[in-house]
Amino acid sequence: MTGPTGAADAARKKGRTPGGQAYTLHGTGEPVLLVAGSGGTGRIWERHQVPALTAAGRAVITFDHGPATGAAELTGAIRELVTALALPPCPLVGHSLGALAVQELLLTDPHLVSGAVLAATRGRPDPVGEALARAEAAYAEAGIQLPPECEALVRLVQNLSPRTLADEAAAAEWLDLFELAALTRNFAAAVQRPEPPIRDRLADCARISVPVLVVGFADDMLAPAPLGREVAEAIPGARYAQLPDTGHLGFLERPEPFNTLLLDFLATLPPTDPGASRVR
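Residues numbered from 1 in each chain as written. Predicted model: local features only at pLDDT ≥ 70, side-chain atom pairs only at ≥ 80, totals over all residues. Heavy atoms only, no water.

Peer 1: How would you summarise the overall build of the chain if you had to cite specific residues and measurements?
Peer 2: Per the secondary structure count, the chain includes eleven helices and eight strands. By residue count, 52% of the 280 residues in the chain fall in the buried class. Taking contacts inside the chain between residues at least 6 apart in sequence as the whole, the part at least 24 apart equals 75%. (Helix = DSSP H or I, 4+ residues; strand = E, 2+ residues; numbered from the N terminus. Buried < 20%, exposed > 50% of the residue type's maximum accessible area, 1.4 Å probe, protein only. Contact = heavy atoms within 4.5 Å.)

Below, the structure written as structure tokens:
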């Protein structure tokens, strides 16, 4: 799960907005902003999505927002980043908590967005999601720290599909990744925790007017695919696609079909303003 090297590294530029938000720009071309889920590291996109997007002639912006960021704070960070970089209305891609924040921005600042991909999202709370959030809160408040081996196993089961768990080589590789994250306490590098309870926003989704693709992961425990389908049904004209044999980290578990969905959707969007479309 390391980032790309060589030519991709040479095309990576780091910066910071006047408000202090650190970001990374990859490549040149029409911009697309990727918003990670809980944990908040932009590097989670660099193994698979950034190379595919830059190869397609896109400038990709990623950023870190930290594990304690909630949806409202993350929406503000996206707004500040888009404004500070003087981006034209551009596509946003959000995963999990990142998708919730993008959804909120579609309601509050639709003029900043030309289209959105919402992966592992939801429009309302559900009993299992609320129970997971309460359990995570109790775990944090108690100051309990599981041994890395236990933490890795919990995250493995929560984030991946039965297909991956049944593949011994793949499961071992993911366990190593999660255990390394647990040893360094850097869950932002690879793990998406359940989000806090959210408000019911399904009715408000009817006000979203930009093109939207909702991607559900069939075996997602943390953001069940039917909840994502509800979001797509609530947004006028939105498309819904579901990837089989994928858990919460489906964009990393099966990156090729996810990237195909992403690139095909971006190709349907009109180009940005020719005078402001290319980021260097």
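Further notes follow.
Peer 1: Tell me about the pairing of strand 5 (residues 90-95), and please be specific about residues and values.
Peer 2: With respect to burial, strand 5 is a largely interior element, six of its six residues being buried. Pairing analysis gives three bridges linking strand 3 (residues 30-35) to strand 5, with the strands arranged parallel. Bridge pairing in strand 5 links L34 to V93. (Pairing = 2+ DSSP bridges.)

Peer 1: Please set out the nonpolar core residue by residue, giving values where relevant.
Peer 2: By size, the foremost hydrophobic cluster in this structure holds 36 residues, and its most contacted members are L33, F63, I78, L118 and V212. In terms of residues, this core owes the most to one element, helix 4 (residues 97-108), which gives seven residues. (Core = buried A, V, L, I, M, F, W, Y, C linked by side-chain atoms within 4.5 Å.)

Peer 1: Describe the pattern of salt bridges, naming the residues involved and giving the relevant values.
Peer 2: Considering all chains together, one arrives at eleven salt bridges under this definition. The salt bridge partner of R201 is E104, with a shortest N-O separation of 2.5 Å. Here the residue R201 occupies a position in the loop between helix 8 (168-184) and strand 7 (212-217), and E104 occupies one in helix 4, the gap between them amounting to 97 residues. The exposure class of R201 is buried, given its relative accessible area of 15%. A salt bridge links D204 to R201; the nearest nitrogen and oxygen atoms lie 2.6 Å apart. Among the ionic contacts, a cluster of salt bridges with common partners joins E104, R199, R201 and D204. (Salt bridge = Lys/Arg side-chain N within 4 Å of Asp/Glu carboxyl O.)

Peer 1: Outline unusual backbone geometry, supporting the account with residue identities and numerical values.
Peer 2: Positive phi values are uncommon outside glycine, yet A86 reaches one of about 55 degrees. The residue A86 is located in the loop between helix 3 (71-84) and strand 5 in this model. The exposed category is assigned to A86, whose relative accessible area is 61%.

Peer 1: Break down the sheet that holds strand 7 for me, citing the residues and quoting the values.
Peer 2: Two orientations exist for strands paired in a sheet by backbone hydrogen bonds: parallel and antiparallel. One open sheet accounts for eight strands, arranged 1-2-4-3-5-6-7-8; its pairing is mixed. Both edges of this open sheet fall to strand 1 (12-16) and strand 8 (239-243), since each of them pairs with a single strand only. Within this sheet the neighbouring strands show an average axis-to-axis angle of 20 degrees, counted without direction. Sheet topology places strand 6 (residues 113-119) next to strand 7; four bridges connect them, and they run parallel. Within the sheet, the bridge partner assigned to A116 lies in strand 7 and is V212. (Axes fitted to C-alpha atoms, helices over the stretch in contact; angles between N-to-C directions.)

Peer 1: Describe helix 4, with residues and values.
Peer 2: Here helix 4 contains twelve residues, and its C-alpha end-to-end distance of 17 Å stays within 8% of the 16 Å for a straight helix at 1.5 Å per residue. Among the twelve residues of helix 4, ten are classified as buried, and the element is accordingly described as predominantly covered. Along helix 4, the residues classified as buried are L97, G98, A99, L100, A101, V102, Q103, L105, L106 and L107. Taken together, the buried residues of helix 4 touch strand 3, helix 3, strand 5, strand 6, strand 7 and helix 9 (225-234). (Expected span 1.5 Å × (residues − 1).)

Peer 1: Pulling in residues and values, what's your account of the packing of helix 3 against helix 4?
Peer 2: To describe two helices that pack against each other, one gives the angle between their axes and the distance between the axes. For the pair helix 3 and helix 4, the least separation of the axes is 8 Å and the interaxial angle reads 65 degrees. As for the relative orientation of helix 3 and helix 4, their crossing is right-handed in sense. On helix 4, the residues touching A71, L74, T75, I78 and R79 of helix 3 are L97, G98, L100, A101, V102, E104, L105 and T108. When its residues are assigned to classes, the contact of helix 3 with helix 4 shows eight nonpolar, three polar and two charged. (Left-handed = near helix turned anticlockwise from the far one by under 90°. Nonpolar A, V, L, I, M, F, W, Y, C, P; charged D, E, K, R; others polar.)

Peer 1: Describe in detail the confidence of the model for the chain, supporting the description with residues and values.
Peer 2: Summarising the model, the chain shows a mean pLDDT of 88, and 88% of its residues fall at 70 or more. Every residue in residues 1-10 is under pLDDT 50, and counting partners more than four places away or in other chains gives twelve contacts. For the stretch residues 186-194, pLDDT sits under 50, and the model shows 35 contacts to residues farther than four places along the chain or on other chains. (pLDDT = per-residue confidence, 0-100.)

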